[in-house]
Amino acid sequence: MRRGTGARGARTLLALVVLCLSAQSVQGQDPVEPEPTRVDDIVVQGAPLRDQVATFVDAVTAPPRGRGPARWSARAGVCVGVANLEREAAQVMADRISDVALSLGLPVGEPGCSPNVLVLVTTDAPALAAALVERSPNAFRPKYAGAAQSRRSLDQFVSSDRPVRWWHVALPVTETGNPAVRLPGDDRIPTVSTFASRLTTPVRNELRRAFIIIDIDQVVHLGLIQLSDYVAMVALAQIDADHEVGDFPSILNVVANPAVAQVMTDWDRAYLEALYGVELNRRLPSSQLGQIATGMFRDRRAAAEAEAEAEGE
């Protein structure tokens with residue numbers, strides 16, 4: 001099974017990270033490892049399941065304005081790099097994220113690959129984020145349409161006091177995987193298939209980079225598996241940094257309440273499987289969210305029906 005901790009291959013970005021992390025080593029910390037257990041996938045009371053799913057999808061999904069949700073491409077896959085964490089713990093986190101990616105049908109880079117999912121552990125997250133953005137602003141906001149969130153959002157990424165912060169970079173592509181937008185320095189006009197309608201589009205949004213910065217002092221109450229599954233969730237989907245999912249059984253609640261889950265829940269996996277399983281070919285971004293919600297609803301309904309049948313036997 002292929003893995004990538006990024007120790008040898010992240011030439012440009014890891015060189016930048018080394019400069020920014022040089023005085024912030026946390027390698028001596030030994031994370032506490034709980035025995036992984038699953039939580040019961042409870043159903044939130046007070047609303048039909050379809051409405052609950054739609055609320056969850058709307059609350060957590062945050063693509064750039066005017067764009068549909070992005071996901072990693074099966075053509076390129078993911079390579080996970082974990083920097084500034086004790087070697088064994090870094091490998092556990094990289095493996096955990098890679099396992100989720102594999103379960104979604106994504107190829108995972110070999111050891112030594114150049115990370116496109118870069119997890120950075122530090123004792124001063126705002127300073128590290130500021131240094132990275134200052135040294136390489138185009139890595140965070142490339143100069144083409146649909147790449148990333150707004151400049152204001154990037155400022156919030158830098159100045160936030162969140163225990164874990166993340167930033168995604170995407171690329172709109174055609175059905176053949178070629179850029180659907182004009183890239184800097186390229187005068188060619190992108191060719192997009194005319195096989196579309198008022199309701200559908202051949203353009204997709206693919207994730208190209210994800211930066212996740214962990215403030216180690218703010219997550220000492222979490223076990224390594226809890227933290228790794230949380231990071232996997234925000235690495236593989238454009239999760240809203242201001243998400244409010246307190247009523248749902250989700251790993252996204254674990255930073256605020258570690259008792260919620262020890263691992264990624266069935267609810268979380270249903271969301272990711274819907275994100276990567278549906279076609280996402282609707283022209284309106286809101287309709288693409290509806291496609292995800294429909295896929296997730298079918299999964300949760302089938303699980304509820306299977307549970308009811310098992311209880312009736």
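Residues numbered from 1 in each chain as written. Predicted model: local features only at pLDDT ≥ 70, side-chain atom pairs only at ≥ 80, totals over all residues. Heavy atoms only, no water.

**So, the overall build of the chain**
A count of helical and extended segments in the chain gives 9 helices and 4 strands. Counting the 313 residues in the chain, one finds 50% classified as buried. Restricting the contact set of the chain to residue pairs at least 6 apart, pairs at least 24 apart contribute 79%. Carbon and sulfur atoms form 49% of the exposed surface of the chain, whose accessible area is close to 15,100 Å². (Helix = DSSP H or I, 4+ residues; strand = E, 2+ residues; numbered from the N terminus. Buried < 20%, exposed > 50% of the residue type's maximum accessible area, 1.4 Å probe, protein only. Contact = heavy atoms within 4.5 Å. Areas by Shrake-Rupley, 256 points an atom, 1.4 Å probe, with all protein chains shown as cover.)

**Let's talk about the sheet that holds strand β1 (residues 80-83)**
Within the open sheet, the 4 strands sit side by side as β1-β2-β4-β3. Their pairing is mixed. Each end of this open sheet is capped by a strand with a single partner; those strands are β1 and β3 (164-173). Averaged over all adjacent pairs, the angle separating strand axes in this sheet is 15°, with direction ignored. Across 4 bridges, β1 lies against strand β2 (residues 117-122) in parallel orientation. Within β2, the residue paired with V80 across the bridge is V117. The sheet strands contacting helix α4 (residues 125-135) are β2, β3 and β4 (204-215), and the helix crosses β4 at an angle near 140°. (Pairing = 2+ DSSP bridges. Axes fitted to C-alpha atoms, helices over the stretch in contact; angles between N-to-C directions.)

**Description of the layout of surface pockets**
In this structure, the second largest pocket encloses a volume near 370 Å³. A62, Q149, S153, D240 and A241 are the residues nearest the centre of the second largest pocket, which is lined by 17 residues in total. Within the residue set of the lining of the second largest pocket, elements represented by two or more residues are α6 (151-159) and β3. If one sorts the elements of the lining of the second largest pocket by residue count, β3 sits on top with 4 residues. Class assignment of the residues belonging to the lining of the second largest pocket gives a composition of 8 nonpolar, 5 polar and 4 charged. (1 Å grid on protein atoms, 1.4 Å probe; cavity = no way out; pocket = protein on both sides within 12 Å on 5 of 7 lines; lining within 4 Å. Points joined across faces, edges and corners; volume = space filled by probe spheres on them. Nonpolar A, V, L, I, M, F, W, Y, C, P; charged D, E, K, R; others polar.)

**Remarks on the nonpolar core**
Ranked by size, the top nonpolar core spans 68 residues in total, and within it I212, I214, L236 and Y271 carry the most contacts. If we skip the residues at most four places from it in the chain, I214 touches M93, V119, L120, V121, T122, P163, V164, V219, L227 and V231. (Core = buried A, V, L, I, M, F, W, Y, C linked by side-chain atoms within 4.5 Å.)

**A word on the side chain of T265**
Mapped onto the elements of the fold, T265 is located in the loop between α7 (224-236) and α8 (266-277). Note on T265: relative accessible area 2%, which makes it buried. Within the structure, the side chain of T265 is placed 2.6 Å from the backbone oxygen of P249, a separation counted as a polar contact. (Polar contact = N/O pair within 3.5 Å; in protein donor to acceptor, adjacent residues only side chain to side chain.)

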